Amino acid sequence: SGLIRQLSDLEILAQVEIARRYQQIKKVVFMGMGEPFANPQVFEALHDLTAPELFGLSQRRITISTIGIVPGIQKLTREYPQVNLAYSLAPTDRLREMLMPITKTYPLGQVLDTLDQHIRQTNRKVFLAYIMLKDVNDSDRHAEQLTKLLFKHKKYLPLYHLDLIPYNQTTVTETMVPSSHTRIKAFCRIIHNAGISVNIRTQFGSDINAACGQLAGAYRDDQKQGERTMSAIQEQSFEWLLCPVCKSKTRLKIRKDTILDNFPLFCPKCKSEMLICVKQFHISIIKEPDAQTQSR
């Protein structure tokens, strides 16, 4: 759907802060919501995420996934050398250009040379992401081409790690089909036998349309209506919840098949925390705020 606008550094940090209310944050990954290095505010966010007086995260607990913006990689190497780096790979420039037009600006050779420099200066592992698409890039020949490409950078090969990622199909990208598990295993075997560190990425969320790429893929622009529509969304309902402390009502939007147990919820008015249970259009409080929470 194209670029709408850039997130500010505060908007990026807000996502981490909201998540931190519900669980300990052990890792932050910039992935799946646009190219990080196209937004200068990402480096401002990195500063605050790693600042001891703010979030205090170790650089090694942060990962940035890039399509290969060379100046961004170079800046990361200079300013945040311990941040993990992942690069979306293809076996040839021609194939990658078909899938990712940015290859015209930053061809494979240039990006891999830059990654070699990153490894040389940081001595840190670089992760290579390879999306598996049926009859597009998953043949034995593609595996051999990929092996040949990586062996051009043999000096730094021990610090390259290849992740084979099953494609998550969406309702608006039906021309793309994921490779079969058998084909992915055969592809992985060729890479592994060549002596390259490789594994098959485990999928999460694809059964509820929430895997990598699916959330964005579920949305499309409707030029005639001038509005965004979401496909394959399930029936939704609004339910009211009464806060046991201040008696204010909170309106929650849930999906028909939602099942959540022991889910923490903060009252938007008095900020009291309670545990709720959500089961198919029904919301109930399973633990009311204690005295300490109420006084706070």
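Rules used throughout
- Residues numbered from 1 in each chain as written.
- Predicted model: local features only at pLDDT ≥ 70, side-chain atom pairs only at ≥ 80, totals over all residues.
- Heavy atoms only, no water.
- Phe/Tyr/Trp six-rings, centres within 6.5 Å; stacked < 30°, edge-to-face > 60°.
- Buried < 20%, exposed > 50% of the residue type's maximum accessible area, 1.4 Å probe, protein only.
- Lys NZ or Arg CZ within 6 Å of the ring centre and 35° of its normal.
- Helix = DSSP H or I, 4+ residues; strand = E, 2+ residues; numbered from the N terminus.
- Pairing = 2+ DSSP bridges.
- Axes fitted to C-alpha atoms, helices over the stretch in contact; angles between N-to-C directions.
- Core = buried A, V, L, I, M, F, W, Y, C linked by side-chain atoms within 4.5 Å.
- Contact = heavy atoms within 4.5 Å.
- Salt bridge = Lys/Arg side-chain N within 4 Å of Asp/Glu carboxyl O.
- pLDDT = per-residue confidence, 0-100.

**Student:** Looking at this structure, I do not really get the packing of aromatic side chains. What am I missing?
**Tutor:** The description of two aromatic rings rests on the distance between their centres and on the angle between their planes. Applying the stated criterion across every chain yields a total of three aromatic pairs. Taking the centre distance of 5.9 Å and the plane angle of 15 degrees together, the rings of F37 and F43 count as stacked. The pair formed by F37 and F43 is uniform in burial state, with each residue classed as buried. By way of ring pairs, the aromatic residues F37, F43 and Y80 are connected into one cluster. Against the face of F43 rests K75, its NZ or CZ located 4.5 Å from the ring centre.

**Student:** Is there a simple way to explain unusual backbone geometry in this structure?
**Tutor:** The phi torsion of most residues other than glycine is negative, and most of the peptide bonds are trans. Backbone geometry at N123 places phi at a positive 55 degrees, although glycine is not the residue there. On the secondary structure map, N123 appears in the loop between α5 (108-122) and β4 (126-132). One non-glycine residue with positive phi stands out, namely D135, at about 60 degrees. As for its placement among the helices and strands, D135 is situated in the loop between β4 and α6 (140-151).

**Student:** Please explain the sheet that holds β4 as it appears in this structure.
**Tutor:** In a beta sheet, neighbouring strands are held together by backbone hydrogen bonds and run either parallel or antiparallel to one another. A sheet is described by the order of its strands in space; here six strands give the open sequence β1-β2-β3-β4-β5-β6, paired in parallel fashion. Here the strands that pair on one side only, and so sit at the sheet edges, are β1 (28-30) and β6 (198-200). The average undirected angle you get between the axes of adjacent strands in this sheet is 20 degrees. Relative to strand β2 (residues 62-66), β1 runs parallel, the two being bridged by three bridges. Counted as the bridge partner of V29 is T63 from β2.

**Student:** Would you take a moment to explain the nonpolar core for this structure?
**Tutor:** The nonpolar side chains of soluble globular proteins are, as a tendency, buried together. By size, the foremost hydrophobic cluster in this structure holds 50 residues, and its most contacted members are L89 and L115. Apart from residues lying up to four places away in sequence, L115 is in contact with I73, L85, Y87, V126, L128 and Y160. Ranked by size, the runner-up nonpolar core spans eight residues in total, among them L241, C267, M274 and I276.

**Student:** Would you explain the pattern of salt bridges in this entry?
**Tutor:** Pairing of side chains with opposite charge becomes possible as their charged atoms draw close. What the rule picks out here adds up to four salt bridges. In this structure, R5 engages E11 in a salt bridge whose closest nitrogen and oxygen atoms are separated by 2.7 Å. Under the relative-accessibility criterion, R5 is labelled exposed at 52%. Classification of E11 by relative accessible area gives partly exposed; the value is 28%. Notably, a salt bridge pairs E17 with R20, separated by 2.7 Å at the nearest N-O pair. Of this pair, E17 and R20 both sit in helix α1 (residues 9-20), three residues apart, which is roughly one turn of that helix.

**Student:** Mind showing me how you'd approach the confidence of the model for the protein here?
**Tutor:** Parts of the model with low pLDDT should not have their predicted coordinates read in detail. Mean pLDDT over the protein works out to 82, with 78% of the residues at or above the 70 mark. Taken as a whole, residues 220-235 scores under 50 in pLDDT and shows 26 contacts with residues more than four places along the chain or in a different chain. Scored below 50 in pLDDT, residues 292-296 shows five contacts in the model against residues more than four places distant or in partner chains.

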